[in-house]
Structure formats: C-alpha cells, structure tokens
Amino acid sequence: MGKLIGYARVSTRQQSTDRQEADLLSSGVRRDDLYVDQGVSGARASRPQFDRAVDALEQGDTLVITTLDRLGRSTQNMLAFAEGLRQIGAGLRVLNLGGGDVDTSTPMGSMLFTIMAALAQMEHDIKSERITDSISKRRDAGKDLGGRPRRITDSQIRSALHLIQNGETTTQVIRDLGISRSTFYRRAAEITP
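Residues numbered from 1 in each chain as written. Predicted model: local features only at pLDDT ≥ 70, side-chain atom pairs only at ≥ 80, totals over all residues. Heavy atoms only, no water.

What follows concerns the pairing of strand β2 (residues 34–38). Examined bridge by bridge, strand β1 (residues 4–10) and β2 share five bridges and lie parallel to one another. Within β2, the position partnered with Y7 by the bridge is Y35. Taken together, β1, helix α1 (residues 18–26) and β2 form a β-α-β motif whose crossover is right-handed. (Pairing = 2+ DSSP bridges. Helix = DSSP H or I, 4+ residues; strand = E, 2+ residues; numbered from the N terminus. Right-handed = clockwise from strand over helix to strand, strands pointing away.)

Here it is in structure tokens:
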C-alpha cells in the first residue's frame, strides 16, 4: 500500500489551515507528507506546495484533500488532474465530499468525483454571475460600489495640473503626490472636460 500525501490550502494569509491539517492528519496522513499553501488562490496555475505534493506522489500513493475546491475552480482542470493521477497509478481522496470520503481509485468514487467537480464549477459560475449582476445593478442605480477611498482629492489633482502647466515636471509632481503616472493621468482625465 502506498503513502497518503496530504494537501491543504487557504486563499489569504489571514485564513488558517488548522482545520484542514487536523482532518488530513486524522485521516492517516503523516505530518512529513503534508503540504500547505498559505495565501494562494485555487485559480492560480502555480501553487508551490501543491506542485511539491504532486511531485512526491508515486504509483500506489493517494493525494488526500479535505474539499474539492482545494484542487481548483474548473471542472475541466479537476478532471484532467484526476486523469493524470490515474495515469501514474496514484489516487485522489476527498474527505468531505457529499458527507463522506470519495476515492477516485474506485469506479464509484471516480464517477462521484466527476459529478461533484461539475457541480463545484457550476456553483462557482453561479456565484460569479450573481456578483457581476449585483455590481451592474448597483452601478446602474448610481450606488457606491465600495472599494478603497481615494487618497488624493480632485482638488489636489487640479493643483498638480496647474503646477505642470506652469513648468513643473510631471515626474516631480506625481512623486510629490505619491501616486503612479497612470493613476495621475486617469484621475486628470476624469476631472478635465
């Protein structure tokens, strides 16, 4: 029987992998075989510890994750990944999928994984659609979309433009303001007719 290789991930540095790590360790993964990515999005192609975990897999080994979204966002990518594991003779075990474990080394586990991967992508797509729709409705209604408050006021931009018209270099003015050249030009275009 092969080794269990565990993988845990959180998208931001403020989040904790403690719960994932505890679940993985209690499922039989040894601490030495546990790989953790902190502050790495599932949508990113490069996840350093994930890559190390996959590289550590040998024939007969099983990659263990707590939830399906630890693999990524796209059904196509998840299915291609599971197929890649099958080709090297490794399995995938998802601990919290549908109330129990799913092991892709079995036909039933493979089928359930395929269905759940499609549902996970659908859920992600629906959530993205709702967010886009909400932003569009708020924008159309003229409501505040939130975000960072502007540090530099329109009055400061006007003053900076006046300084530039009177011979001051743009480089020096934007350095004094503490903003990038592109931000300065965008803000200047917003306030000039």
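Put simply, helix α5 (residues 154–165) and helix α6 (residues 170–177) touch, their axes get as near as 9 Å, and they point 155° apart. As far as their axial angle goes, α6 and α5 are roughly antiparallel. Between α5 and α6 the crossing geometry is right-handed. Contact residues: Q156, I157, A160, L163 and I164 in α5; T170, V173 and L177 in α6. Split by residue class, the contact of α5 with α6 holds six nonpolar, two polar and no charged. (Axes fitted to C-alpha atoms, helices over the stretch in contact; angles between N-to-C directions. Parallel < 35°, antiparallel > 145°, perpendicular 65-115°, else oblique. Left-handed = near helix turned anticlockwise from the far one by under 90°. Contact = heavy atoms within 4.5 Å. Nonpolar A, V, L, I, M, F, W, Y, C, P; charged D, E, K, R; others polar.)

Such coordinate-based values are descriptive only and should not be taken to indicate function.
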